Amino acid sequence: MITANYIKNEYIRRMPSAFCPGCGDGQILNAIARAIDHLKLPRNEIAAVSGIGCSAWIPSPYLRVDSLHTTHGRPIAFATGLKVANPKLKVLVVSGDGDCTGIGGNHLLHAARSNVGITVIMVNNGVYAMTGGQVAPTTEHEYKTVTTPYGNPAFALNVSEVVAAAGASYVARWTTWHMNQLIRSIEKGLTKKGFSFIEVISQCPTYEGRILNMDHIQMLHWFRDKFKTDEKGVFRIGEFVDIEKPELTDELQKIIEKVRK
Amino acid sequence: MITANYIKNEYIRRMPSAFCPGCGDGQILNAIARAIDHLKLPRNEIAAVSGIGCSAWIPSPYLRVDSLHTTHGRPIAFATGLKVANPKLKVLVVSGDGDCTGIGGNHLLHAARSNVGITVIMVNNGVYAMTGGQVAPTTEHEYKTVTTPYGNPAFALNVSEVVAAAGASYVARWTTWHMNQLIRSIEKGLTKKGFSFIEVISQCPTYEGRILNMDHIQMLHWFRDKFKTDEKGVFRIGEFVDIEKPELTDELQKIIEKVRK
Amino acid sequence: MIEPGEYFVEGDLAAAYGAIKAGCKFFAGYPITPASEITQAMAELLPQVGGKFLQMEDELASISAIIGASWAGIKSMTATSGPGFSLMQENIGYAAMTETPIVVIDVQRAGPSIGQATRAAQGDVMQSRFGSHGDYENIVLSPNSVQEMFEFTVKSFNLAERYRVPVILLSDAEIGHMMERLVVPESINIIERKYAKTFDEATKYGDDLVPPMGRFGDGLELMVTGSTHKPDGTRDTGSPEIQSSLVTRLVEKINKNRKDIEDWEEMFTEDAEILVISYGATSRPAKGAVIKAREKGIKAGYFRPKVLWPAPENRMSKLKNIKKVILPEMSLRGYSMEIEKMFPGKFVHFPKVTGNVHTVSEILKKIEEELR
Amino acid sequence: MIEPGEYFVEGDLAAAYGAIKAGCKFFAGYPITPASEITQAMAELLPQVGGKFLQMEDELASISAIIGASWAGIKSMTATSGPGFSLMQENIGYAAMTETPIVVIDVQRAGPSIGQATRAAQGDVMQSRFGSHGDYENIVLSPNSVQEMFEFTVKSFNLAERYRVPVILLSDAEIGHMMERLVVPESINIIERKYAKTFDEATKYGDDLVPPMGRFGDGLELMVTGSTHKPDGTRDTGSPEIQSSLVTRLVEKINKNRKDIEDWEEMFTEDAEILVISYGATSRPAKGAVIKAREKGIKAGYFRPKVLWPAPENRMSKLKNIKKVILPEMSLRGYSMEIEKMFPGKFVHFPKVTGNVHTVSEILKKIEEELR
Amino acid sequence: MKALEIKIDKNLCKGCGICVDVCPKNTLESSNEVNEYALFYPRVRDLDSCIVCRLCELYCPDFAIEVKEK
Amino acid sequence: MKALEIKIDKNLCKGCGICVDVCPKNTLESSNEVNEYALFYPRVRDLDSCIVCRLCELYCPDFAIEVKEK
Amino acid sequence: MIQIRIGGWAGQGVVLAGTILSQTFSTVLKKNVVMTRSYTAAVRSGVTTSDIIVDDDYIYDLMITEPNVMIIMYQKTFDRYIDLIKKSDHVIIDSTMVKNIPEELKNIYKINASEIAEKISNPRISNMVLLGAYAKITGHIPIEALEKSVRMYVSKRFLDEDIKAIYAGYSL
Amino acid sequence: MIQIRIGGWAGQGVVLAGTILSQTFSTVLKKNVVMTRSYTAAVRSGVTTSDIIVDDDYIYDLMITEPNVMIIMYQKTFDRYIDLIKKSDHVIIDSTMVKNIPEELKNIYKINASEIAEKISNPRISNMVLLGAYAKITGHIPIEALEKSVRMYVSKRFLDEDIKAIYAGYSL
Ligand SMILES: Cc1ncc(C[n+]2csc(CCOP(=O)(O)OP(=O)(O)O)c2C)c(N)n1
Ligand SMILES: Cc1ncc(C[n+]2csc(CCOP(=O)(O)OP(=O)(O)O)c2C)c(N)n1
Ligand code: SF4
Ligand code: SF4
Ligand code: SF4
Ligand code: SF4
Ligand code: SF4
Ligand code: SF4
Ligand SMILES: [Mg+2]
Ligand SMILES: [Mg+2]
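Quick caveat: nothing in here was measured; it's all calculated off a predicted structure.

**Q** Describe the nonpolar core, listing the residues and the values that go with them.
**A** Among the nonpolar cores identified, the biggest contains 180 residues, and Phe195 and Phe197 of chain A together with Phe195 and Phe197 of chain B are the most heavily contacted of them. Here Phe195 of chain A is in contact with Leu108, Ala111, Ala112, Asn115, Val116, Gly117, Ile118, Val120, Val163, Ala168, Ser169 and Tyr170 of chain A, once residues within four sequence places are set aside.

Here it is in structure tokens:
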């Protein structure tokens, strides 16, 4: 049986992390490391790319692989270049909900559309945590945050649905309560030829907790009780898409072969 | 019966346009003007916002209303500010497929999500026309363009589906063959409280024509024959979404009232 | 709302107060350290005065939205820091080209790139004037206290409305996050926009080169474009003369009105032999050091541009007796090119890029060293 | 592929040829006049040499992608014009901070904002150095012929790899769209990247201040970040010393190696009394005018920076006999601050912002006027 | 309804032929006449056949055709 | 399977109590002991009850708990 | 000129204490005051400080150079600033949180602030206890002025306990 | 120095003609050549020009100042450049497209290029006919050099008709 200690020694660059007590980001790090281990992927064949945000710190510096900690919103675009330049790399993007769908929404859309073979793990904590608890594109209507003190006038984006509509090869949503399912999905994502997207509903006790008026244990229980595969809308979890279609770097390779022969 | 001459005198700033012979952009201008006329909207209550591209020239300078010709990709963001600043205005965005979903995709996503009460008409000619026929996010897989000389390695975005998934109040897709339906949808869009999105499949004889190897008449016939309400994927036309939900500027007004009382 | 009186607040909050007092009714922004406190304050304050706040999807959208709102006749602002300021550059140029009054606050942090988000720097000085492509001029203000965060924000709106330009309030993490006394005065001078009542009026300008601005919804059927355009707004992307006359006017609009816009503070300059030029947070210890130097009998002077761009070149060019000019700043580049240009052969750069402001004694020591 | 020999091509195409010859294997870009021809040529050429081309969703993505690719050990480039160049600024700063070799071509057009897309200008000179927030230095080259579009593109790659900086090839619509003879030589000097073979190697640098670069996939477990970081890549957003030493090195890396990087051309400078300084397209008529002036017995000289940043300051500061310096350029701002700084009291600006290059006779006339 | 006249504005018409194509009655036809931009504008083949449905006006991208009713 | 020892690394544990919550056997409990960051780390209530399912290890965000098997 | 550093750990109310104390000097006592804060980018945890400079004159130096007073609420913070503590005129610590004090340091006011706070309502108002103690020990501010500042800043809900806390600290 | 402007309407092959002519001078005849193009941002339609400067020396002026030769393919272009046409040494027009010529202008070579082109294959190669005529009229280039340039540039599919067209123009 795989022990946490083995995972830590093998895949974690350093601990303790800078995450708050009870933050889901540590769980996601744990899940990523285990998925890599299950697949027996050599560490030098994995590259982690992240943007700016608490969740961007999951791989950088904690995951013991080459890591590119980029600008806010752009990790998917950086990752696309990295993947195209070296298709042998498994390129894993870890991005917050703000990073991935706020400032970075466009890159997400186009990575899904062009089906570039990278894996994006989006940490959905419903808030801009690193900057102090502002409203995110994933914050529910009327919720109060420091930038929506009278309630959010906008609505939450159903990210996985949008990514599915944009053409991704693999889309799944889990919560930090669903550790085993999450690990399994990350494994699937990393082995998928095309673009894979895994949304993780995660707890941010410090800021999301303030909005929801819950502590991290309450949040985990809420994840357990409320998020179901047969739920609707943002509460639906599970695998949404799992298809095969031509992957971008493969297509580029085919072009080269076609042109050069 | 409404004559084109009346429409021209009432709503068109100047003719001839700079569009190529047979370009669908002129038809769309015609449709917009007629929709405004059908609704008996005073011209000073309409503001047109567009980005950069051939289709951005439809309202600017041709439509005789206040027009804001913005930077490439940003018209929806400009329009959001304009609408919030003066909710009485009917704010109409006309945007090319590249403008709207290439560089501007993120604003589209968030305008739909936040349900701001603007109307976006996206001209889908499957190409970057103004800059000379480069691949667009709406170009089909393997099509040859000047930047995909060996075939498009990526896939076309099903824009209306994505906008629907993002939360728009009204989504419809028509072609320049479906003039009456298009006009009806623009009317519905302009009267809709929330965010409305109308995709118009349009012919660009100059560049799209080169890609498809069709002239504009052939393209119109193709639109007529291939695009159906019961088709699948990008060939499906019709109304995709038509719902009511709280609109952004209304919500902001409610906040003001709540705070001030 | 924000009664006249005394407050003890941080600089960011003072800027938000200033905006409200100046009549700002729309703010679109995106969180970023160390400017988020302005954004958060505006979210709270605006609805109280009937204004509207939007957190946008990014900084590109934020600046676009405030330009849009400005054309609806609403005073509008955004606030950001380096990374967001870089993203706003394209549309700062658009605002300059379309002569749209907007206020952008850049609370500078230690860069380049992500750098150190909570720490102070003055590395965006050149960017605040040259960050967008092509030829344009804007106005950049540099506050050095919480009180000035308030006052200069008001002034930014006034200048923006007066000259139809984007105005940048260039602050830094030190001033933005520092707490100090703020006195909100009873009465504040507010400049309101001159509106064109007809289409024709909107196409003409007088000696000040500033045409009155049309407003969307007034029935003028305006044509606004970031492309080269004739005075009536008609796009013209081929004529050499239209390009030349438009761009020249946009630049001259600022140059011609320099006297009205330039602003600075000086002390002991009449007989100074060594001059300390400084701005923003750094100008506080700089002034302190000059005072200390005088106490020691050193003929030191102090000169502080409050408006960085356009620079007070007229005044600086008259400071002839100076033998040496020291520019302490929290940047390796900052304002140095401008000051070196104005004081060739006399210029001594004194950068500090630790994220900390210079101390009085550091600058005093430098003055003494340079005299040796 | 691109055999040595003679071609008659436009500048944009020559740049693409140069990139291919330099070993560029990845291009990510977004169409924009007048740079689209580079993009289109790369789309066509790259697969022929086993390279890859991507049209991205925008310029933000384009520059991000080439930085990502560079870390995989692939020489990468993008090309754009003003509006896109403005959008790239945030990540040009990121490339500077992470010391990523990339080449960005900016084919300048008449601005600000959308301006006149097909017409030439030189308004991005300051932006090319100061467009991103914070303190950094990069390298900017300015070609004045189709041949130099080729040669300077090769040189841009060489400098980028040598110094681990973003290099900007600052061209303009005139040179980009002009057709002229191009000679592709038999052998071309190519500088290849120095790779670190161990993690440790990647954290150390010698006198040139340039550490060898790690490559993703080599098992070094690199940490790359745009945040302030220690030499080993560990993020440190609180320490004054780390901030100061990193940023100072990034700037000094260019300053210290100025002698190797600076590049210029000069003529008749020994005895010149009036000097015409010019770069890019404008330097062609400028040189012609100086030759004509000499024919008329005027002691005119010609000086042309080929590398705009770092500017050839050492050389310029030695041009002592000069009484007047004329800077003709297609901008109201352009390079003027630098030249005014170097030649205080002697500086005469001669801008032309019609979208057209100066003519020989215009510059000659200006020389004669200034002598009167 | 009957048409009194069908006017094609030579300075606006770009000769795209869309009107000819959409006319349900074949009232219009292409011509070999060019305007000053070297574009071939259409002409009326058979005025009487026109049912004044104004589809030509609806589809014309250039506001170049005008059907006058009797 | 039986646990030999359950080690909680005081320097890593942030006292979040997630391990206590997810343990199906109530093997762990909260304590009042704080580490140097003033965080209360959990303690073993009943070692024998542990079934070495390692859910605590799987859920611990900080790699702070280690279950040693007999 | 008075220079005060309040140092603690994220979440201990360091900035609140600093603000109330600064406001006492500024708004109540009409002195010139500059307060700066420092914290790492990690929102999560770490050493947090409030630095207060008080002067009758305009304040030029924005950085604390030689603190007269160090109010320390946490062991790690104490360790980090040991050099400044040695040079300071007054050092006031929360002795519940700072236990490890080098022998040679004699002149330290040890206030069991957290315990006192807990007795009043909860340990989170230990910062207020320390402010009260500061008023007493240094004599820089009358306790009434401090009370006034607390009343200006603190919301009704917490006002009573905070006032109790400053007086508890003052009466030690 | 020779300065040539070829002026026409978008789509008439103005740039192609300019390129082939420039290449004749540059690659075949080893002269220094600069060719610039101008067109409006409207991709759609409008006046298009190719300006060619040829010199034995290095070329400093990038703009045409006093054209020696004007080759005009379209009436609107003719009208626009009437001033330059008046000053030019040689004016060559496609008389099928340019009909409206002021009386006073005598020295104009009227070539019915479009008609000739149509006879060979289609009017789109009228530009090649005009190049042939240019070679004959000005004597600036041997027709063989022009042919060489055409062979270097034009793809096989169109080569025959283009060669025919230049010789047709040359033999007028
Ligand atoms: C261009 C730019 N804008 C804004 C910021 C400030 N910023 C840093 S992280 C962040 C939000 C992070 O939220 P999210 O991505 O949801 O991550 P989380 O912290 O919630 O895990 C923002 C706005 C920035 N660094 N760069
Ligand atoms: C920031 C920026 N990047 C690129 C461009 C160049 N550009 C102008 S229009 C255009 C594409 C237009 O395509 P689309 O939106 O589909 O409109 P169309 O011309 O096809 O109607 C591009 C890339 C620009 N103006 N600004
Ligand atoms: S602020 Fe929230 S997301 Fe960030 S580390 Fe703390 S708990 Fe996690
Ligand atoms: S290029 Fe295409 S889209 Fe643009 S005007 Fe011509 S036909 Fe229309
Ligand atoms: S009105 Fe109808 S029938 Fe008459 S010409 Fe037009 S399309 Fe034909
Ligand atoms: S549709 Fe209009 S532009 Fe086209 S041919 Fe008919 S009248 Fe002319
Ligand atoms: S291994 Fe299982 S039973 Fe044992 S302590 Fe951990 S969670 Fe509880
Ligand atoms: S889950 Fe880990 S960090 Fe949390 S209390 Fe248990 S051992 Fe400590
Ligand atoms: Mg988040
Ligand atoms: Mg398009």
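From this point on, the discussion continues.
**Q** Go over the domain arrangement of chain C, please, and point to the residues and values.
**A** Residues and elements named next belong to chain C. You can read the domains of chain C as domain 1 (5–184), domain 2 (199–259) and domain 3 (265–370). Computed over C-alpha atoms only, the centres of domain 1 and domain 2 are separated by 25 Å. Domain 1 puts 20 residues into the contact, and the matching count from domain 2 is 24 residues. Taken together, both faces of the contact between domain 1 and domain 2 bury some 1800 Å²; the carbon and sulfur share is 67%. Between domain 1 and domain 2 we count three salt bridges in total. Our enumeration of links across domain 1 and domain 2 arrives at eight residue pairs in polar contact (both at pLDDT 80 or more). Looking at the side of domain 1 that touches domain 2, the elements that each hand over two or more residues are helix 3 (59–71), helix 4 (82–98) and helix 6 (146–163). Sort the elements by how many residues they give to the side of domain 1 that touches domain 2 and helix 4 lands first, with four residues.

**Q** I'd like a rundown of the coordination of the magnesium ion (ligand 9), residues and numbers included.
**A** Residues and elements named next belong to chain A. With distances of 2.1 to 2.2 Å, the protein atoms coordinating the magnesium ion (ligand 9) are Asp97 (OD), Asn125 (OD1) and Val127 (O). Each donor residue of the magnesium ion (ligand 9) lies on one chain, and together they are spaced D-x27-N-x1-V. In this pair, Asp97 sits in helix 4 (residues 97–102) while Asn125 sits in the loop between strand 4 (119–124) and helix 6 (159–166), placing the two residues 28 residues apart along the sequence. Note on Asp97: relative accessible area 2%, which makes it buried. By relative accessible area, Asn125 is classed as buried at 7%.

**Q** Residues and numbers for the relation of the copies chain C and chain D, please.
**A** The operation relating chain C to chain D is a screw motion whose rotation component is 180°, with 0.0 Å of axial translation and a residual RMSD of 0.0 Å. Viewed as a symmetry operation, the transformation between the two copies matches a two-fold axis. Same-surface contact between copies: 100% of interface residues of chain C are shared with the interface of chain D.

**Q** Break down the interface of chain C and chain D for me, citing the residues and quoting the values.
**A** Taken together, the contact between chain C and chain D spans 58 residues of the former and 58 residues of the latter. Both sides together, the interface formed by chain C and chain D hides about 5200 Å², and carbon and sulfur atoms give 58% of it. By the criterion of area lost to chain D, the three top residues of chain C are His133, Arg333 and Met337 of chain C, representing 16% of everything that side buries. Our count for the chain C to chain D interface comes out at four salt bridges. A salt bridge links Arg333 of chain C to Glu137 of chain D, with the nearest nitrogen and oxygen atoms 3.4 Å apart. Our count for the chain C to chain D interface comes out at 36 residue pairs in polar contact (both at pLDDT 80 or more). For the side of chain C that touches chain D, the secondary-structure elements that each account for two or more residues are helix 4, strand 6 (116–120), helix 5 (127–130), helix 8 (240–256) and helix 12 (336–342) of chain C. When residues in the side of chain C that touches chain D are grouped by element, the largest group, nine residues, is from helix 4 of chain C. When its residues are assigned to classes, the side of chain C that touches chain D shows 20 nonpolar, 27 polar and eleven charged.

**Q** Please set out the interface of chain B and chain E residue by residue, giving values where relevant.
**A** Of the residues lining the interface, 33 residues belong to chain B; the matching set on chain E comes to 21 residues. For the pairing of chain B and chain E, the buried interface totals around 2100 Å² over both sides, and the portion due to carbon and sulfur atoms is 63%. Our count for the chain B to chain E interface comes out at zero salt bridges. Run the count over chain B and chain E and you get twelve residue pairs in polar contact (both at pLDDT 80 or more). At the level of secondary structure, the elements contributing two or more residues to the side of chain B that touches chain E comprise helix 1 (4–11), helix 2 (24–39), helix 7 (179–191) and helix 9 (216–226) of chain B. Residue contributions to the side of chain B that touches chain E peak at five residues, all from helix 2 of chain B. Class assignment of the residues belonging to the side of chain B that touches chain E gives a composition of 18 nonpolar, 13 polar and two charged.

**Q** Mind laying out the coordination of the magnesium ion (ligand 10), listing which residues take part and the relevant values?
**A** All names here are of chain B. In this structure, Asp97 (OD), Asn125 (OD1) and Val127 (O) serve as the protein donors to the magnesium ion (ligand 10), at separations of 2.0 to 2.2 Å. Going along the chain, you hit the donors of the magnesium ion (ligand 10) in the pattern D-x27-N-x1-V. Taken together, the positions of Asp97 in helix 4 (residues 97–102) and Val127 in the loop between strand 4 (119–124) and helix 6 (159–166) put the pair 30 residues apart, joining distant regions of the chain. In this pair, the class of Asp97 matches that of Val127, namely buried.

**Q** A description of the site of ligand 2 should follow, citing residues and the corresponding values.
**A** With respect to spatial proximity, 24 residues lie near ligand 2, and among them Cys54, Ser55, Asp97 and Asp99 of chain B together with Glu59 of chain D are the closest. The site occupied by ligand 2 is bordered by residues of chains B, C and D. Contacts to ligand 2 include Gly98 of chain B, whose backbone N or O atom sits 2.9 Å from an oxygen atom. With respect to ligand 2, the backbone of Met130 of chain B contributes an N or O atom lying 2.9 Å from an oxygen atom. If you list the elements that add at least two residues to the shell around ligand 2, you get helix 4 of chain B together with helix 4 (82–98) of chain D. The class makeup of the residues in the shell around ligand 2 is twelve nonpolar, eight polar and four charged.

**Q** Let's hear about the packing of aromatic side chains: which residues, and what values?
**A** Two aromatic rings, taken as a pair, are described by how far apart their centres are and by the angle between their planes. Taken as a whole and assessed by the stated rule, the structure comprises 36 aromatic pairs over all chains. An aromatic cluster is defined as three or more aromatic residues linked by ring pairs; in this entry it consists of Trp222, Phe223, Phe227 and Phe235 of chain A. In this arrangement the basic side chain of Lys226 of chain A is found over the ring face of Phe235 of chain A, its NZ or CZ atom lying 4.5 Å from the centre. The positively charged end of Arg5 of chain G is found above the aromatic ring belonging to Tyr81 of chain G, 4.6 Å away from the centroid.

**Q** I'd like a rundown of the packing of helix 5 (residues 126–138) of chain G against helix 7 (residues 156–170) of chain G, residues and numbers included.
**A** Packed helices, taken two at a time, are described by the angle between their axes plus the distance between the axes. Residue and element names in this part refer to chain G. Running from N to C, helix 5 and helix 7 cross one another at 40°; their axes reach a closest spacing of 6 Å. Judged on the interaxial angle alone, helix 7 and helix 5 are oblique. In this structure, helix 5 crosses over helix 7, and the sense of that crossing is right-handed. Every residue of helix 7 that contacts helix 5 at Met128, Val129, Gly132, Ala133, Ala135 and Lys136 is listed here: Asp162, Ala165, Ile166, Gly169 and Tyr170. Considering only residue class, the contact of helix 5 with helix 7 consists of seven nonpolar, two polar and two charged.

**Q** Mind laying out the arrangement of the chains, listing which residues take part and the relevant values?
**A** Ranking the 16 pairs of chains in contact by number of contacts places chains C and D first. Where chain A comes nearest to chain E, the C-alpha atoms are still 32 Å apart, and the two do not contact one another. Here chain B and chain G are not in contact; the least distance found between their C-alpha atoms is 19 Å.

**Q** Give a description of the pattern of salt bridges that names residues and reports values.
**A** For the structure shown, the criterion picks out 102 salt bridges over all chains. We note a salt bridge from Lys366 of chain C to Glu370 of chain C, for which the minimum N-O separation is 3.4 Å. Here Lys366 of chain C and its partner Glu370 of chain C are both found in helix 13 (residues 360–371), four residues apart, which amounts to about one turn of the helix. Glu370 of chain C carries the same exposure label as Lys366 of chain C, and that label is buried. What you see here is one network of salt bridges that share partners, running through Lys188, Lys192, Glu239, Asp242 and Glu244 of chain A.

**Q** Outline a nonpolar patch on the surface, listing residues and values.
**A** Nonpolar side chains collect at one region of the surface, where Leu16, Met152 and Tyr153 of chain G lie side by side and expose about 260 Å² of accessible area between them. Tracing the backbone through its elements, the reader meets Met152 of chain G in helix 6 (residues 143–153).

**Q** Break down the pairing of strand 5 (residues 102–108) of chain D for me, citing the residues and quoting the values.
**A** Residues and elements named next belong to chain D. Across the seven residues that make up strand 5, a large majority, seven, are buried. Going residue by residue along strand 5, you find Ile102, Val104, Asp106 and Gln108 tucked away on one face and Val103, Ile105 and Val107 tucked away on the opposite face as well. Across four bridges, strand 4 (residues 76–80) lies against strand 5 in parallel orientation. When the bridges of strand 5 are listed, Met77 appears paired with Val103. Running through helix 4, the crossover from strand 4 to the neighbouring parallel element strand 5 is right-handed. Sheet topology note: the strand 5/strand 7 (residues 166–172) ladder contains seven bridges and is parallel. For Asp106, the partnering residue across the bridge sits in strand 7 and is Leu170.

**Q** Describe the pairing of strand 15 (residues 324–329) of chain C, listing the residues and the values that go with them.
**A** Residues and elements named next belong to chain C. Most of strand 15 is tucked away: five of the six residues are buried. Two elements, strand 12 (residues 274–277) and strand 15, share three bridges in a ladder whose sense is parallel. Pairing of Leu275 across the sheet is with Val325, part of strand 15. Once the chain exits strand 15 it traverses helix 12 before rejoining the sheet at strand 16 (residues 347–351), and the crossover so formed is right-handed.

Criteria and cut-off values
Residues numbered from 1 in each chain as written. Chains lettered and ligands numbered in written order. Predicted model: local features only at pLDDT ≥ 70, side-chain atom pairs only at ≥ 80, totals over all residues. Heavy atoms only, no water. Core = buried A, V, L, I, M, F, W, Y, C linked by side-chain atoms within 4.5 Å. Buried < 20%, exposed > 50% of the residue type's maximum accessible area, 1.4 Å probe, protein only. Contact = heavy atoms within 4.5 Å. Domains from an automatic or database assignment. Buried area = accessible area lost by both parts, 1.4 Å probe. Salt bridge = Lys/Arg side-chain N within 4 Å of Asp/Glu carboxyl O. Polar contact = N/O pair within 3.5 Å; in protein donor to acceptor, adjacent residues only side chain to side chain. Helix = DSSP H or I, 4+ residues; strand = E, 2+ residues; numbered from the N terminus. Donors = N, O, S within 2.8 Å, 3.2 Å for Na, K, Ca; no water. Least-squares fit on C-alpha atoms with pLDDT ≥ 70 in both. Nonpolar A, V, L, I, M, F, W, Y, C, P; charged D, E, K, R; others polar. Near = heavy atom within 4 Å. Phe/Tyr/Trp six-rings, centres within 6.5 Å; stacked < 30°, edge-to-face > 60°. Lys NZ or Arg CZ within 6 Å of the ring centre and 35° of its normal. Axes fitted to C-alpha atoms, helices over the stretch in contact; angles between N-to-C directions. Parallel < 35°, antiparallel > 145°, perpendicular 65-115°, else oblique. Left-handed = near helix turned anticlockwise from the far one by under 90°. Patch = residues over 30% accessible without salt bridge, like charges linked within 9 Å, V, L, I, M, F, W, Y side chains within 5 Å. Areas by Shrake-Rupley, 256 points an atom, 1.4 Å probe, with all protein chains shown as cover. Pairing = 2+ DSSP bridges. Right-handed = clockwise from strand over helix to strand, strands pointing away.

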